[in-house]
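Observations on chain architecture
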Amino acid sequence: MMLARGNWRSVAKFAIRFSNTRALCTSHRLCQSLSFAEDTHTHVAQEWREMRAWSKGEEENEFAMEQQFGSFAVDYDKHRPNYPAAMFDRLIQLAIGKSKKLQDTQFRALDVGTGTGKVALPLLSHGLHVTATDSDQLMLDILMKSQEASNPELRRNLECVQCRGESLDVPDNSQDLVTVFQAFHWMNAKEALAEFDRVLKPNGILAIGWNDRDITEPWVADMEAMIERFNPTYSREMKQSDLWASVIANKKLAQVHRKVPEKYFHHVRYQSVEDVLQLCHTFSYVKNSLSPAKLSSFDEEMRARLKAEFRGKQEIILPYISKVYIYRKI
């Protein structure tokens, strides 16, 4: 069950499952108190890193954690979903204002944890000057190759910087828009938010988001359950929680819309079962956590399940929900 639906009993159960710092009760009144929510969810924001669902269990240093995807950056770029055009239109309009046009001035966007540029490149194509940062240089290399192949003329408007989200090599008060997609859960929330505040211009826009697989689709829920079975440290509830607002919120940020996150529903078409398997191999909690033997077993079982589900069909349509938390710097 997704936590977004207001089931506070599930929130309490979820917090008990992952919190080692305090005993939590299931009292409806207590669970709804602001102080409880902020404390619980701030702790949960750190759990993805601490529970190491992406590792094989051995102790690994900070560098190893931040180089999760570079070894399969090409597959990541090929199989990970893009984001819907309507989302970019919304973010750009918020950042530049209704009365302004991009060509009137140089609007600047910073994409933190950019990966292979799933957000940076669309922003660039819309006419913004984009700084793309990532802790993994191999991911940035793919981004630059993709950009040069698609539109070399825009290269002058793109800067790639290898750095962590908690320590951005970007000037103060320099950005109209800061985006952080599919990356914030890897960061120390408090330190990263302080950096986003530092680099944003007054009234600048901060957008933090994720592409979540839509687990209301039965076969997608089955896929998630299989991942959980092979990797018990992974939790779809944790990954798809809609409660990040209590982690992000602070006195320097104002919600743009009363309902967060904003959601965009879209679909990605995969041409074969093997393409979906390759997508699974871009998940750190599959590729980097399972032993070769266990990964082989996972592939065999997932392949059989997908073939049974999509026998005779020409393509596999995977539904996604792009969830975006949007704030304006006060």
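The preceding data block contains the structure.
Read on for an overview of the structure. (Residues numbered from 1 in each chain as written. Predicted model: local features only at pLDDT ≥ 70, side-chain atom pairs only at ≥ 80, totals over all residues. Heavy atoms only, no water.)

**Here we look at the overall build of the protein chain**
In terms of helices and strands, the protein chain carries 15 helices and eight strands. A burial count over the protein chain gives 55% of its 330 residues as buried. Once local pairs closer than 6 in sequence are excluded, the contacts in the protein chain between residues at least 24 apart make up 77%. With an accessible surface of roughly 15,600 Å², the protein chain has 50% of that area assigned to carbon and sulfur atoms. (Helix = DSSP H or I, 4+ residues; strand = E, 2+ residues; numbered from the N terminus. Buried < 20%, exposed > 50% of the residue type's maximum accessible area, 1.4 Å probe, protein only. Contact = heavy atoms within 4.5 Å. Areas by Shrake-Rupley, 256 points an atom, 1.4 Å probe, with all protein chains shown as cover.)

**A closer look at the pairing of strand 7 (residues 262–270)**
Alternating residues of strand 7 divide into Glu-262, Tyr-264, His-266, Val-268 and Tyr-270, all buried, and Lys-263, Phe-265, His-267 and Arg-269, none buried. Of the pairings in the sheet, the one linking strand 7 to strand 8 (residues 316–329) comprises nine bridges and is antiparallel in character. Bridged to Tyr-270 within strand 8 is Ile-316. (Pairing = 2+ DSSP bridges.)

**Brief notes about the pattern of salt bridges**
Overall, the coordinates contain 16 salt bridges when judged by the stated rule. A salt bridge links Lys-201 to Asp-176; the nearest nitrogen and oxygen atoms lie 3.3 Å apart. Linking Lys-201 in strand 5 (residues 200–213) with Asp-176 in strand 4 (residues 175–181), this pair joins segments that are 25 residues apart in sequence. Asp-176 sits in the buried class, given a relative accessible area of 10%. Overlapping salt bridges bring together Asp-172, Glu-195 and Arg-198 as one network. (Salt bridge = Lys/Arg side-chain N within 4 Å of Asp/Glu carboxyl O.)

**Things to note about the packing of helix 10 (residues 218–230) against helix 15 (residues 292–309)**
Helix 15 packs onto helix 10 with a crossing angle of 165° between their chain directions and a minimal axis gap of 11 Å. Classified by the angle their axes make, helix 10 and helix 15 are roughly antiparallel. The hand of the helix 10/helix 15 crossing is right-handed. Only Lys-294, Ser-297, Phe-298, Glu-301, Met-302, Arg-305, Leu-306 and Glu-309 of helix 15 make contact with helix 10, whose side of the interface consists of Trp-219, Asp-222, Met-223, Met-226, Ile-227, Arg-229 and Phe-230. Classifying every residue of the contact of helix 10 with helix 15 by side-chain character gives eight nonpolar, one polar and six charged. (Axes fitted to C-alpha atoms, helices over the stretch in contact; angles between N-to-C directions. Parallel < 35°, antiparallel > 145°, perpendicular 65-115°, else oblique. Left-handed = near helix turned anticlockwise from the far one by under 90°. Nonpolar A, V, L, I, M, F, W, Y, C, P; charged D, E, K, R; others polar.)

**Concerning helix 8 (residues 137–150)**
The first and last C-alpha atoms of helix 8 sit 20 Å apart over 14 residues, in line with the 20 Å expected at 1.5 Å per residue. Taken as a whole, helix 8 has its buried residues at Met-139, Leu-140, Ile-142, Leu-143, Met-144 and Gln-147. Buried residues in helix 8 make contact with helix 5 (73–79), helix 7 (120–125), strand 2 (129–134) and strand 3 (158–162). N-capping of helix 8 is provided by Asp-136, with a side-chain oxygen placed 3.0 Å from the backbone N of Leu-138. (Expected span 1.5 Å × (residues − 1). Polar contact = N/O pair within 3.5 Å; in protein donor to acceptor, adjacent residues only side chain to side chain.)

**Considering the side chain of Lys-323**
Checked against the element boundaries, Lys-323 lands in strand 8. We classify Lys-323 as buried; its relative accessible area is 2%. At 3.1 Å, the side chain of Lys-323 forms a polar contact with the side chain of Asp-212.

**Thoughts on the packing of helix 13 (residues 273–280) against helix 15**
Each pair of packed helices can be described by the angle between their axes along with the distance between the axes. Put simply, helix 13 and helix 15 touch, their axes get as near as 10 Å, and they point 140° apart. By the angle class used here, helix 13 and helix 15 are oblique. Between helix 13 and helix 15 lies a crossing of right-handed hand. Residues Val-273, Glu-274, Val-276, Leu-277 and Cys-280 of helix 13 pack against Phe-298, Asp-299, Met-302, Arg-303, Leu-306 and Lys-307 of helix 15. By residue class, the composition of the contact of helix 13 with helix 15 is seven nonpolar, no polar and four charged.

**Structural notes on the packing of aromatic side chains**
Tallying each qualifying case throughout the model produces 12 aromatic pairs. An angle of 80° between the planes, with centres 6.0 Å apart, marks the rings of Phe-69 and Phe-72 as edge-to-face. Taken as a pair, Phe-69 and Phe-72 share a single burial class, namely buried. Judged by centre distance (6.0 Å) and plane angle (85°), the ring pair of Phe-69 and Trp-186 falls under edge-to-face. Of this pair, Phe-69 sits in the loop between helix 4 (62–66) and helix 5 while Trp-186 sits in the loop between strand 4 and helix 9 (189–199), and the two are 117 residues apart along the sequence. Trp-186 gets classed as buried once you look at its relative accessible area, which sits at 13%. Among the aromatic residues, those joined into a ring-pair cluster are Phe-184, Phe-196, Trp-210, Trp-244 and Tyr-325. (Phe/Tyr/Trp six-rings, centres within 6.5 Å; stacked < 30°, edge-to-face > 60°.)

Nothing here speaks to function; it is all geometry.
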